[in-house]
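What the coordinates show
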Amino acid sequence: MSVKSYDDAIIDKFRRVFNTDIIHILPVENAIRFMSQLKRDKVDFPLISTTRLGFSVVGSNVNQAAKMTGSFVRRDGKNNNIFAQSIPIRIEYQLDVFTVDRESCDEIVRELIFFFYTRPTLKAHFKYGLDFEHNFNLFLNDDVVDNSDTVEHINSGVMFRNTLTFYTDDARLFMNNPQTQGEIICGVESFNREDSNETK
């Protein structure tokens, strides 16, 4: 699915940014299950949980040529030109940082803010017979909300939680659009000039 490709790219980037096994980073699809099991399961901290809040079509940016024909991607070796039809979308995310002390929570959030402002461009990979990458950018909303008082004690300690929201507005839904490449066939008759003169 197109949207999940962006989820995967974001989680992979977070893992490479922190480059450590100490900070546990949940895939987007596990975030809701984690929240529901938080009180009764043993959870390792610190932890970053990312949730996709939803997405919307950016109707004002829909391009007729992009949605109908698409952009050229490659040739498939079977006389087909592969085009990627696309429709622009905006995807909203929520990111929660969970720690057992406030200082660690603040430090992780600091790293994330610098990441969003200095390295906002990521690559998402798409299949659908396209097998290509699309660059997109992440934009951090201004507010960092302290939700520590909305969670209870865990493992005999206080759990701290900071929440950020971010989005990408240059994501796209893609569809494979193969088009048969036209052929030009020329019939050429060869003859000898001497034979041509003898017939005159």
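This text goes with the structure placed above it.
**Considerations on the pairing of strand β6 (residues 132–137)**
Taken together, the 6 bridges between strand β5 (residues 121–126) and β6 define a ladder with antiparallel strand orientation. Among the inter-strand pairings, F126 is bridged to a residue of β6, identified as F132.

**Quick look at the pattern of salt bridges**
When their charged atoms lie close together, side chains carrying opposite charge are able to pair. If you walk through the whole model with that rule in mind, you get 8 salt bridges. In this structure, the salt-bridge partner of D7 is R52, at a minimum N-O distance of 2.5 Å. Residue D7 is found in helix α1 (residues 2–18), and its partner R52 is found in strand β2 (residues 47–57); the two are separated by 45 residues along the sequence. For D7, a relative accessible area of 2% corresponds to the buried category. A salt bridge links D96 to R161, with the nearest nitrogen and oxygen atoms 3.0 Å apart. With D96 in strand β4 (residues 80–99) and R161 in strand β8 (residues 160–180), the pair connects residues that are 65 residues apart, well separated along the chain. Accessibility classification places D96 together with R161 in one group, the buried group. Overlapping salt bridges bring together E107, R110 and E111 as one network.

**Observations regarding the side chain of S148**
Along the chain, S148 falls in the loop between β7 (139–146) and β8. Look at S148 and you get buried, because its relative accessible area is 11%. Here D146 takes part through its side chain, which lies 2.6 Å from a polar atom of the side chain of S148. A polar atom in the side chain of S148 sits 3.1 Å from the backbone nitrogen of R161. In this structure S148 touches R102, M159, F160 and R161, once residues within four positions along its chain are discounted.

**A short note on a nonpolar patch on the surface**
A grouping of V57, V62 and I87 is seen on the molecular surface, where their side chains present a nonpolar patch of about 200 Å² in accessible area. Note on placement: V62 falls in the loop between β2 and α3 (64–68).

Thresholds applied
- Residues numbered from 1 in each chain as written.
- Predicted model: local features only at pLDDT ≥ 70, side-chain atom pairs only at ≥ 80, totals over all residues.
- Heavy atoms only, no water.
- Pairing = 2+ DSSP bridges.
- Helix = DSSP H or I, 4+ residues; strand = E, 2+ residues; numbered from the N terminus.
- Salt bridge = Lys/Arg side-chain N within 4 Å of Asp/Glu carboxyl O.
- Buried < 20%, exposed > 50% of the residue type's maximum accessible area, 1.4 Å probe, protein only.
- Polar contact = N/O pair within 3.5 Å; in protein donor to acceptor, adjacent residues only side chain to side chain.
- Contact = heavy atoms within 4.5 Å.
- Patch = residues over 30% accessible without salt bridge, like charges linked within 9 Å, V, L, I, M, F, W, Y side chains within 5 Å.
- Areas by Shrake-Rupley, 256 points an atom, 1.4 Å probe, with all protein chains shown as cover.

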